[in-house]
Amino acid sequence: MRCVFVVVLLLLAGCGTVPRETRNACAVFEQRDGLFNNWRRAAYQAEREYGVPVPVLMATIYTESGFRHNAKPPRTKLFGFIPWTRVSSAYGYSQALDGTWARYQSETGRWTARRSDFGDAIRFIAWYHNQSHQQNGIALNDPYRLYVAYYHGQGGYARGNWSDTAKTGAKRAANMAALYARQLQTCGG
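Now for a description of the structure that goes with this document. No experiment lies behind these values; they were computed from the predicted model shown. Throughout this document, residue positions are counted from 1 along each chain, in the order its sequence is written. Only residues with pLDDT of at least 70 are given local features in this predicted model, and only at 80 or more are side-chain atom pairs given and counted; all residues enter the totals for whole chains, interfaces and linings. As a rule here, side-chain values come from all non-hydrogen atoms in the structure, and water together with hydrogens is ignored.

### Points about the state of the cysteines
Reasoning step 1: By disulfide we mean two sulfur atoms from cysteines, separated by a distance within 2.5 Å. Taken as a whole and assessed by the stated rule, the structure comprises one disulfide.
Reasoning step 2: Paired through a disulfide, cysteine 26 and cysteine 187 show a sulfur-sulfur distance of 2.1 Å. Negative torsions about the S-S bond denote left-handed disulfides, and the value of about -85 degrees found for cysteine 26 with cysteine 187 makes this one left-handed. Of the two residues, cysteine 26 is situated in helix H2 (residues 25-31) and cysteine 187 in the segment after helix H8 (164-186); the sequence distance between them amounts to 161 residues. In this description a helix means any DSSP run of H or I spanning at least four residues, a strand means any run of E spanning at least two, and both kinds are numbered starting from the N terminus.

### A few points about the layout of surface pockets
Reasoning step 1: Estimates place the volume of the largest pocket at around 340 Å³.
Reasoning step 2: In terms of lining residues, the largest pocket is bounded by 15 residues, among which Glu64, Ala90, Gln95, Tyr150 and Tyr151 are the most central.
Reasoning step 3: When residues of the lining of the largest pocket are traced back to their parent elements, those giving at least two are helix H4 (54-65), helix H6 (118-136) and helix H7 (143-159).
Reasoning step 4: At five residues, H7 tops the list of elements feeding residues into the lining of the largest pocket.
Reasoning step 5: When residues are grouped by polarity, Ala, Val, Leu, Ile, Met, Phe, Trp, Tyr, Cys and Pro land in nonpolar, Asp, Glu, Lys and Arg in charged, and all others, Gly among them, in polar. Broken down by class, the residue content of the lining of the largest pocket amounts to eight nonpolar, six polar and one charged. In this analysis, the protein atoms alone were mapped onto a 1 Å grid. Cavities are point sets where a 1.4 Å probe fits without being able to get out; pockets are open sets with protein on both sides within 12 Å along at least five of seven lines; lining residues have an atom within 4 Å of a point. Grid points are joined across faces, edges and corners, and a volume is the space filled by probe spheres set on the points.

### Considering the packing of aromatic side chains
Reasoning step 1: Each Phe, Tyr or Trp ring, with Trp reduced to its six-membered ring, pairs with another whose centre is within 6.5 Å; inter-plane angles below 30 degrees give stacked pairs, above 60 give edge-to-face pairs, and intermediate values give tilted ones. Tallying each qualifying case throughout the model produces 18 aromatic pairs.
Reasoning step 2: Ring geometry for tryptophan 127 versus tyrosine 128: centroids 6.2 Å apart, planes at 65 degrees, classification edge-to-face.
Reasoning step 3: On the basis of relative accessibility, which here comes to 4%, the residue tryptophan 127 falls in the buried class.
Reasoning step 4: One aromatic cluster is present, built from ring pairs that chain together Trp39, Tyr62, Phe67, Tyr93, Phe118 and Tyr180.
Reasoning step 5: The criterion for a charge sitting over a ring is simple: Lys NZ or Arg CZ within 6 Å of the ring centre, and within 35 degrees of the ring normal. Over the ring of tryptophan 39 we find arginine 32, and its NZ or CZ is 5.2 Å from the ring centre. Each residue is placed in one exposure class: buried if its accessible area under a 1.4 Å probe, protein chains only, is under 20% of its type's maximum, exposed if it is over 50%, and partly exposed if it falls in between.

### Observations concerning the side chain of glutamine 154
Reasoning step 1: With respect to the secondary-structure elements, glutamine 154 resides in helix H7.
Reasoning step 2: Note on glutamine 154: relative accessible area 10%, which makes it buried.
Reasoning step 3: Contacts are assigned to residue pairs with any non-hydrogen atoms lying within 4.5 Å of each other. The contact partners of glutamine 154, leaving out residues within four places of it in the chain, are Tyr128, Gln131, Ser132, Gln135, Asn136 and Ala149.

### Some details on H8
Reasoning step 1: For H8, built from 23 residues, the straight-helix expectation of 33 Å at 1.5 Å per residue is met to within 8% by its first-to-last C-alpha distance of 34 Å.
Reasoning step 2: Inspection of H8 places Ala166, Gly169, Ala170, Ala173, Met176, Ala177, Tyr180, Gln183 and Leu184 among the buried residues, and these make up the whole buried set.
Reasoning step 3: On its buried face, H8 is in contact with H2, helix H3 (39-50), H4 and H7. Helix span, as expected, comes to 1.5 Å for every residue beyond the first.

### Regarding the pattern of salt bridges
Between side chains of opposite charge, a pair can form when the charged atoms approach closely.
Reasoning step 1: For salt bridges, the criterion is a side-chain nitrogen of Lys or Arg within 4 Å of an Asp or Glu carboxyl oxygen. Evaluated as defined, the whole model comprises six salt bridges.
Reasoning step 2: With a closest N to O distance of 2.8 Å, glutamate 49 and arginine 110 form a salt bridge. Remark: arginine 110 occurs in the loop between helix H5 (98-108) and H6 and glutamate 49 occurs in helix H3; sequence separation between them is 61 residues.
Reasoning step 3: Look at glutamate 49 and you get partly exposed, because its relative accessible area is 37%.
Reasoning step 4: Salt bridges sharing partners connect three or more residues here, namely Glu49, Arg110 and Arg123.

### Thoughts on the side chain of serine 94
Reasoning step 1: Position of serine 94 among the secondary structure elements: in the loop between strand S2 (82-86) and H5.
Reasoning step 2: Non-local contacts of serine 94, meaning those with residues more than four positions away in its chain, are made with Glu64, Trp101, Arg115, Ala121, Phe124, Ile125 and Tyr150.

### Notes on H4
Reasoning step 1: For H4, with 12 residues, the first-to-last C-alpha span of 16 Å sits near the 16 Å given by 1.5 Å per residue.
Reasoning step 2: Among the 12 residues of H4, 12 are classified as buried, and the element is accordingly described as predominantly covered.
Reasoning step 3: All of the buried residues in H4 are Val54, Pro55, Val56, Leu57, Met58, Ala59, Thr60, Ile61, Tyr62, Thr63, Glu64 and Ser65.
Reasoning step 4: For H4, the secondary structure elements touched by its buried residues are H2, H3, H6, H7 and H8.

### So, the nonpolar core
Reasoning step 1: One finds Phe29, Met58, Phe67, Phe118, Ile122, Phe124 and Tyr180 to be the most contacted residues of the largest nonpolar core, which totals 47 residues.
Reasoning step 2: Those elements that provide at least two residues to this core are H2, H3, H4, H5, H6, H7 and H8.
Reasoning step 3: Top contributing element to this core by residue count: H6, with eight residues.
Reasoning step 4: Other than its neighbours up to four places away in sequence, phenylalanine 29 contacts Trp39, Arg40, Ala43, Tyr44, Val54, Met58 and Leu184. In this text, buried Ala, Val, Leu, Ile, Met, Phe, Trp, Tyr and Cys residues form a nonpolar core when linked through side-chain atoms within 4.5 Å.

The following block contains the structure:
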């Protein structure tokens, strides 16, 4: 009985920790290749379903949450030092907002999907990038523009009022997507 308990604890401990080498897609997949929590399988499943390349999906998660399952935006400060409300409802691997996540669940029928679950989050990102492709004509392999649309929303992207923060994030996502693509060629991705 004690062995079963230890094994369960070890499995659960791996679920909530950030992979050690987040700048190496092969290492990330190697660290998360469990029977029930297989990130490689989830990523390629999302790619097949929505047509967005795995390196673009992984780069979006890297840029948004750094692979932290419970990532949240910083809190504002009351009187400059008292932690107050958060700047948005973004949460989890995908940093999806409450309303956008609810829309995803409604449109896809994935009512049990959670933003803190990698498989659910990467599928959400693939779905959202595919929406950007359909609504704004962004190529599914264009991590820069897909990230800007992800950051500002479909309407914000279409208006062209892109913030410096979005452009910086988009450049980071594009660089990581290129790096991940090269790495995945060497490890059977």
